[in-house]
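# A closer look at the structure
Here is what each chain is made of, one letter per residue.
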Amino acid sequence: MATYSQTFRFARALFATNLKASLMLRGAFIMQVVFMALNNVAFFVFWWALMRRVPDLRGWRLGDIQVLFGVVAASVGLAVSVGGGVRHLARWITDGELDTLLVQPKPVLLYAVGMRSQASGFGDMLSGIAFIVWSGRVSWTAVPIVAAAIVGSAIVFLASGIIFYSLTFWLGRVEMLARQLWEVVVMFSLYPEPLFGGVLRFLLFTVLPAGFVGYVPARVVQHPSAEGVGVLIGAVIVYSAAAVTVFNRGLRRYASGSRFGTFG
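Below: a short report on this structure. (Residues numbered from 1 in each chain as written. Predicted model: local features only at pLDDT ≥ 70, side-chain atom pairs only at ≥ 80, totals over all residues. Heavy atoms only, no water.)

### Details of the nonpolar core
Counting 69 residues, the largest nonpolar core has Leu98, Ile162 and Phe247 as its most contacted members. Other than its neighbours up to four places away in sequence, Ile162 contacts Val86, Leu89, Leu109, Val113, Ala243 and Phe247. (Core = buried A, V, L, I, M, F, W, Y, C linked by side-chain atoms within 4.5 Å. Buried < 20%, exposed > 50% of the residue type's maximum accessible area, 1.4 Å probe, protein only. Contact = heavy atoms within 4.5 Å.)

Structure (structure tokens):
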């Protein structure tokens, strides 16, 4: 069985290979990065215009929303640039394309999720970091906690995607539904936490973990505390374990497509 260090080296090599493949079409890569960054800026104009009219939104000001937006953008970008294969997971399951991975000595889930890298994710990361810096709420001494919060948020987001797309093992062709659920997590994570209550708030901290993708890491970035860090670490552990468990149990039900070939 591969050790943790071997698994980490494999994941790092997988990402490096994907990055080199993306950079082979350098023009397309740069365009995707730039257009995604511009898309994020255009989306934030809505908040900028709103906060000029309503400076305080239930205790949230423009700087707070910039931090939230920046954390979410950076974490989503990190997730899809490192684990872009999750978006193809449902198709690989329904088409029987996991066959080639089952005979590999590396973990199937890690290989499946890490074999694709989405170039637009780098645009998300760059614009997200820019929003955090622009907010004026975070000092340079807080860089380690900002990086940790973004990584934690990205892991929760990626884990939720694995769970949604793995539903294909039981429900068949639900790729569109899984993608919509994943996008709903992003959508709700971009809005201030006080806007939601009751049952919806419960869902945003459980089934649709927008609270752990946006609100909690943004709070950790602005107001670091042992409690906030502990909650985020707990969410990372719970959702990661859930993702691995759901995928592995689904893999037991996997119907082979009897395919021969390699992924690249």
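### Description of the packing of helix 10 (residues 175–189) against helix 12 (residues 210–222)
Between helix 10 and helix 12, the least distance of the axes is 8 Å, while the angle of their chain directions is 25°. By the criterion of interaxial angle, the relationship of helix 10 to helix 12 is roughly parallel. Note that helix 10 runs across helix 12; the crossing there is right-handed. Side by side, helix 10 and helix 12 meet where Val185, Phe188 and Ser189 of the first sit next to Ala210, Val213, Gly214 and Tyr215 of the second. (Axes fitted to C-alpha atoms, helices over the stretch in contact; angles between N-to-C directions. Helix = DSSP H or I, 4+ residues; strand = E, 2+ residues; numbered from the N terminus. Parallel < 35°, antiparallel > 145°, perpendicular 65-115°, else oblique. Left-handed = near helix turned anticlockwise from the far one by under 90°.)

### Description of the packing of aromatic side chains
Taken as a whole and judged by the stated rule, the model has 19 aromatic pairs. Measuring from ring centre to ring centre gives 5.2 Å for Phe10 and Tyr111, while their planes differ by 80°; the resulting arrangement is edge-to-face. Separated by 101 residues along the polypeptide, Phe10 in helix 1 (residues 4–23) and Tyr111 in helix 6 (residues 108–114) bring together distant segments of the chain. Judged on exposure class, the residue Phe10 and its partner Tyr111 are both buried. Geometrically, the ring pair formed by Phe205 and Tyr215 is tilted, given 6.0 Å between the ring centres and 50° between the ring planes. In this pair, Phe205 is assigned in the loop between helix 11 (198–203) and helix 12 and Tyr215 in helix 12, connecting sequence segments ten residues apart. Using a relative accessible area of 2% as the deciding quantity, one classes Tyr215 as buried. (Phe/Tyr/Trp six-rings, centres within 6.5 Å; stacked < 30°, edge-to-face > 60°.)

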